[in-house]
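One letter stands for each residue in the lines below.
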Amino acid sequence: MQERFGKYVEWIGDRIDRGMEYEFDLEMFEIYFPYIKNKYMLERCIDEENEAGSSDNWNNVMFVEGV
């Protein structure tokens, strides 16, 4: 699940770079909510991306085991 999530984050980032999306939004990640243990970290990553243009914390988003 973490690998799939990482690819999704990259895809959204590419869409933002191309002007197809304006910024990261929590609603973009709704399909991952049941699998994420620490949603506060996801919110932090989104805020960092939107304010600073990047986040080094995407790898700190934790997922439910066995998914």
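These notes cover the structure that comes with them. (Residues numbered from 1 in each chain as written. Predicted model: local features only at pLDDT ≥ 70, side-chain atom pairs only at ≥ 80, totals over all residues. Heavy atoms only, no water.)

A closer look at the pattern of salt bridges
Turning to step 1, where the next piece is worked out: Using the criterion set out here, one finds three salt bridges in the structure.
Turning to step 2, where the next piece is worked out: Here Arg15 makes a salt bridge to Glu21, at a shortest N to O gap of 3.1 Å.
Turning to step 3, where the next piece is worked out: Note on Glu21: relative accessible area 26%, which makes it partly exposed. (Salt bridge = Lys/Arg side-chain N within 4 Å of Asp/Glu carboxyl O. Buried < 20%, exposed > 50% of the residue type's maximum accessible area, 1.4 Å probe, protein only.)

Side note on the environment of Glu48
Turning to step 1, where the next piece is worked out: The residue Glu48 is located in helix α2 (residues 39-52) in this model.
Turning to step 2, where the next piece is worked out: Considering only alpha carbons, one finds Glu48 and Phe24, 24 residues apart in sequence, at a separation of 9.6 Å. (Helix = DSSP H or I, 4+ residues; strand = E, 2+ residues; numbered from the N terminus.)

Examining helix α1 (residues 2-17)
Turning to step 1, where the next piece is worked out: The terminal C-alpha atoms of α1, which comprises 16 residues, lie 22 Å apart, in line with the 22 Å expected from a rise of 1.5 Å per residue.
Turning to step 2, where the next piece is worked out: Listed as buried for α1 are Phe5, Tyr8, Val9, Ile12, Gly13 and Arg15. Summarising the axial view, the buried residues of α1 lie within an arc of 160 degrees, below the 170-degree limit, and thus occupy one face. Set apart from the buried face of α1 by more than 90 degrees, the exposed residues are Glu3, Lys7, Glu10 and Asp17.
Turning to step 3, where the next piece is worked out: Its buried side turned inward, α1 meets α2.
Turning to step 4, where the next piece is worked out: Of the residues one or two after α1, Gly19 is the one with positive phi, at around 85 degrees. (Expected span 1.5 Å × (residues − 1). Arc of directions from axis to C-beta. Contact = heavy atoms within 4.5 Å.)

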